[in-house]
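# Tertiary structure, described
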Amino acid sequence: MPSFISLALAALPLGRIALADQSPYTGSEFQDKDFGLYPTQTYESSSLEVPIFQVNKAAEDSVDSADRVFISPRGTAVDQIAPMIFNADDLSLVWSDPSYKTTFGVRVQEFNSSDYITFWRGTVKGAGYGTGSYIMLDHEYNVAYNLTTKNLTVGGDIHEIQLTDNGTALMTAYEPMEYDLTTYDIENGWLADSIFQEVDIATNDLIFSWRASEHVALNASYADPGATGISQDSPYDFFHINSIEKDDSGNYLISARHTHGIYYINGTNGDIVWSLGGKNNDFEDKSDGQATNFAWQHDARWRNTDLTEMTIFDNGAADWVKTENETRGLWLSLNYDDMSVTLKQDYISPEGTLSVSQGSVQVLSNNNVFMGYGSNGAFVEYTNDGEVIWDVQFGIIGNSSVQSYRAYKQNWQGFPTWNPSIAATGNATDNTTVYMSWNGATEIKQWAILASNSSSDLSSADNLWKNVTKTGFETNVTVGTNARYVRAAALNADGEVLGSTGIVDVNDGTVTSSDSKVDIGTGDANTTVTSSSSDSDNNAGSSSGSSSNSTSSSSDKDSAAGIIHASSSLALGAAMAVLFFYGL
């Protein structure tokens, strides 16, 4: 027999739909800076601050099915710097952790048949490299491994952490060393030597180490010392390594920005087998120069196991020089019989974006190409033959105040060990609204709302009021004056409880942690309603912030319901159907 409280809860009116999430912009105002250099949104149940995206082209049906987008925004316009994951379908936040601060290259990689989030964190040097370590997070966001370089005076560099199938990690380093720079009229010269190392992940043992200064002449560089090279704190960076990949034969493919060169390195003795591009190019260009004229490039990757195709992010510019009008993604074909190279396809954004630094090219599972634009806060997905099928910004094109070293589109499941968060606004008035979120949790399908007017012990089915469909990161429901204490439990697709929030007193918004386990069976509620979502979250506990667009009201921008997908409209329609059914 239902209890008195459950009967009372069943009689409560259904919560109103409250639109708290900020939909992406779609008009020209974003690029015109009408919303500032870095429009952001904050949340009620979290202290996180994340970008509001600009969708230049909505995702077409032909986009790859990978479900998340990984970026790490930073720059002079970014107040809360953090690695971030977003849902690919609606660009709602999945996870962010500002405690890591500046990070580079956040993505998913596999080690011992398990997926990990990997990235660099540390101190960035003004010359465009850094010293720090490489973090590997498991599915619960615990630090499983913390790696760095071996036998050097510096830590790992920002540019690369690449895991291999052999249980090792490839990493870059920039080590200052005294060097003869009298050719440049510099006495007592210092060089920032580009190094890459291979380290065993489990043991941290050094497997292989390579130095550019031992294999490449200084005159191969297109970057003169200028005011550098005079001290240990200001060494000459002639090579600037920025990517490494190891193939099945044990050799390495590396990219050097300052020599405009891609190098194939013998994995036994470190000798250069061949060079592509730059002053020491070994290949005949059969595409009228378009296959070897890349400059200041990043992210050279093999595209096939035969080592006959590769992709490159051709910046075409540096901070101090422009060699091309727009940045290109390149798909090249190599022929070792006649040592020739051909441009199979290039990838150019509709905006004609020119990135003076950073950037990435990722070939997706369906052979689409996903490009992150480095010094420009943007990413674009292309079909294999170069058609743009998804075009998104989170910064102003041509303004480097918002950057992300790389961007990736990948699958990820997260199961955080901290509790979900809850917050309330309205102080027990008709507008009292409760907000729920769980930073990093990917498997929530619904929130079970438990409520009570007389008790703060909310853990059983007797207190279950309704189920609310999760449609973003921060879900919200209007409670009004009908209940004083509210708690939320996250449910998976089978209606099982994944975790539960503390208990919020809507009279004053205070949240009390609760050790009591929520036991509501399969999560069947007295009534069911579909709510919109808000997006957010931090770790256990909550913070009360303003869940609003930091630069404009919602009327200032187009709704993304018909631009990204129709989830918001479907949620509203489902809610209206329920209201009609109950005659409310």
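Residues numbered from 1 in each chain as written. Predicted model: local features only at pLDDT ≥ 70, side-chain atom pairs only at ≥ 80, totals over all residues. Heavy atoms only, no water.

### Digging into the overall build of the protein
Helix and strand counts for the protein stand at 2 helices and 40 strands. Taken across its 584 residues, the protein has 57% of its residues classed as buried. Sequence separation of at least 24 residues holds for 62% of the intrachain contacts in the protein that already meet a minimum separation of 6. In the structure as shown, the protein presents an accessible area of about 22300 Å², 45% of it carried by carbon and sulfur atoms. (Helix = DSSP H or I, 4+ residues; strand = E, 2+ residues; numbered from the N terminus. Buried < 20%, exposed > 50% of the residue type's maximum accessible area, 1.4 Å probe, protein only. Contact = heavy atoms within 4.5 Å. Areas by Shrake-Rupley, 256 points an atom, 1.4 Å probe, with all protein chains shown as cover.)

### So, the pairing of strand E12 (residues 168-178)
Most of E12 sits out of view: 8 of its 11 residues are buried. In terms of strand pairing, strand E11 (residues 161-163) meets E12 through 3 bridges, oriented antiparallel. Paired with Gln162 across the two strands is Leu170, which belongs to E12. Linking E11 to E12, which pair antiparallel, is a turn of 4 residues; within it Gly167 sits at a positive phi near 75°. Relative to strand E13 (residues 190-200), E12 runs antiparallel, the two sharing 11 bridges. (Pairing = 2+ DSSP bridges.)

### What to know about the nonpolar core
Membership of the largest hydrophobic core comes to 35 residues, with the highest contact counts inside it found for Trp95, Ile117, Val434, Trp447, Ile449 and Val486. In this view, Ile449 contacts Met436, Asn463, Leu464, Trp465, Lys466, Val468, Val486, Arg487 and Ala488; residues no more than four positions away in its chain are not counted. (Core = buried A, V, L, I, M, F, W, Y, C linked by side-chain atoms within 4.5 Å.)

### Structural notes on the pattern of salt bridges
On inspection of all chains with the given rule, the structure shows 17 salt bridges. With a shortest N-O distance of 2.8 Å, Lys286 and Asp338 are connected by a salt bridge. Highlighted residues: Lys286 in the loop between strand E19 (284-285) and strand E20 (298-302) and Asp338 in the loop between strand E24 (328-335) and strand E25 (340-347), separated in sequence by 52 residues. For Asp299, the salt bridge is made with Arg406, and the minimal N-O distance between the two is 3.8 Å. Of this pair, Asp299 sits in strand E20 while Arg406 is found in the loop between strand E29 (388-393) and strand E30 (408-410), placing the two residues 107 residues apart along the sequence. There is no split in this pair, since Asp299 and Arg406 are both buried. Each of Arg107, Glu160, Glu245, Asp299, Arg301 and Arg406 takes part in a single network of salt bridges with overlapping partners. (Salt bridge = Lys/Arg side-chain N within 4 Å of Asp/Glu carboxyl O.)

### What to know about the pairing of strand E37 (residues 497-500)
As judged from the 3 bridges shared by strand E36 (residues 485-491) and E37, these two strands associate in the antiparallel manner. Each bridged residue has a counterpart across the sheet, and for Ala490 the counterpart in E37 is Gly499. Between E36 and the antiparallel strand that follows it, E37, lie 5 residues; Gly495 among them carries a positive phi value of about 80°.

### Looking at the packing of aromatic side chains
Inspection of the entire model under this criterion finds 36 aromatic pairs. Ring centres 5.5 Å apart and planes at 70° place the aromatic pair Tyr184 and Tyr236 in the edge-to-face group. Residue Tyr184 is located in the loop between E12 and E13, and its partner Tyr236 is located in the loop between strand E14 (206-211) and strand E15 (241-246); the two are separated by 52 residues in the primary sequence. Overall, the relative accessible area of 24% leaves Tyr184 in the partly exposed class. In this structure Tyr236 comes out as buried when scored by relative accessible area, which is 1%. Three or more aromatic residues joined by ring pairs form one cluster here, namely Phe196, Phe208, Trp210, Phe238, Phe239, Tyr252 and Tyr263. (Phe/Tyr/Trp six-rings, centres within 6.5 Å; stacked < 30°, edge-to-face > 60°.)

### Some points on the sheet that holds strand E18 (residues 272-276)
Within a sheet, adjacent strands bond to each other through the backbone by hydrogen bonds, running parallel or antiparallel. A sheet is described by the order of its strands in space; here 4 strands give the open sequence E15-E16-E17-E18, paired in antiparallel fashion. Sheet topology places E15 and E18 at the edges, where each strand pairs with a single neighbour. Across the sheet, the mean angle separating the axes of adjacent strands is 20° when strand polarity is ignored. Pairing of strand E17 (residues 261-265) with E18, which is carried by 4 bridges, proceeds in the antiparallel orientation. Bridge pairing in E18 places Ile262 opposite Leu276. (Axes fitted to C-alpha atoms, helices over the stretch in contact; angles between N-to-C directions.)

### Section: unusual backbone geometry
Only a minority of non-glycine residues have a phi that is not negative, and only a minority of peptide bonds are not trans. Although it is not a glycine, Ser113 sits at a positive phi angle of roughly 65°. Summarising the element assignment, Ser113 is placed in the loop between strand E7 (103-111) and strand E8 (114-124). Exposure remark for Ser113: the relative accessible area of 68% places this residue in the exposed category. A positive phi angle, close to 60°, is found at Asn151, a residue other than glycine. Within the secondary structure, Asn151 sits in the loop between strand E10 (143-147) and E11.

### What to know about the sheet that holds E7
In space, the 4 strands of this open sheet follow the order E7-E8-E9-E10, with antiparallel pairing throughout. The open sheet terminates on both sides in strands that have one partner only, identified here as E7 and E10. Going from strand to strand, the sheet's axes swing by 25° on average, the running direction of each strand aside. For E7 and E8, the ladder comprises 7 bridges, and the chain directions are antiparallel. Looking at E8, one finds that Arg107 is bridged to Thr118.

### Focus on the side chain of Thr292
Here Thr292 is to be found in the loop between E19 and E20. Thr292 gets classed as buried once you look at its relative accessible area, which sits at 18%. Polar contacts involving the side chain of Thr292 include one to the side chain of Asp285, which spans 2.7 Å. Setting aside residues up to four positions removed in sequence, Thr292 forms contacts with Leu276, Gly277, Asn281, Asp285 and Val341. (Polar contact = N/O pair within 3.5 Å; in protein donor to acceptor, adjacent residues only side chain to side chain.)

### A short note on the side chain of Thr501
You can see Thr501 is positioned in the loop between E37 and strand E38 (503-505). Residue Thr501 is classed as buried on the basis of its relative accessible area of 1%. Apart from residues no more than four positions distant in its own chain, Thr501 is found in contact with Pro420, Ser421, Ile422, Trp447, Arg487 and Ala488.

### Quick notes on the environment of Gly75
Among the structural elements, Gly75 can be located in the loop between strand E4 (68-71) and strand E5 (84-87). Residue classification places Gly75 among the partly exposed residues on the basis of a relative accessible area of 26%. Sequence-wise, Gly75 and Gly395 are 320 residues apart; in three dimensions their C-alpha atoms are separated by 9.9 Å.

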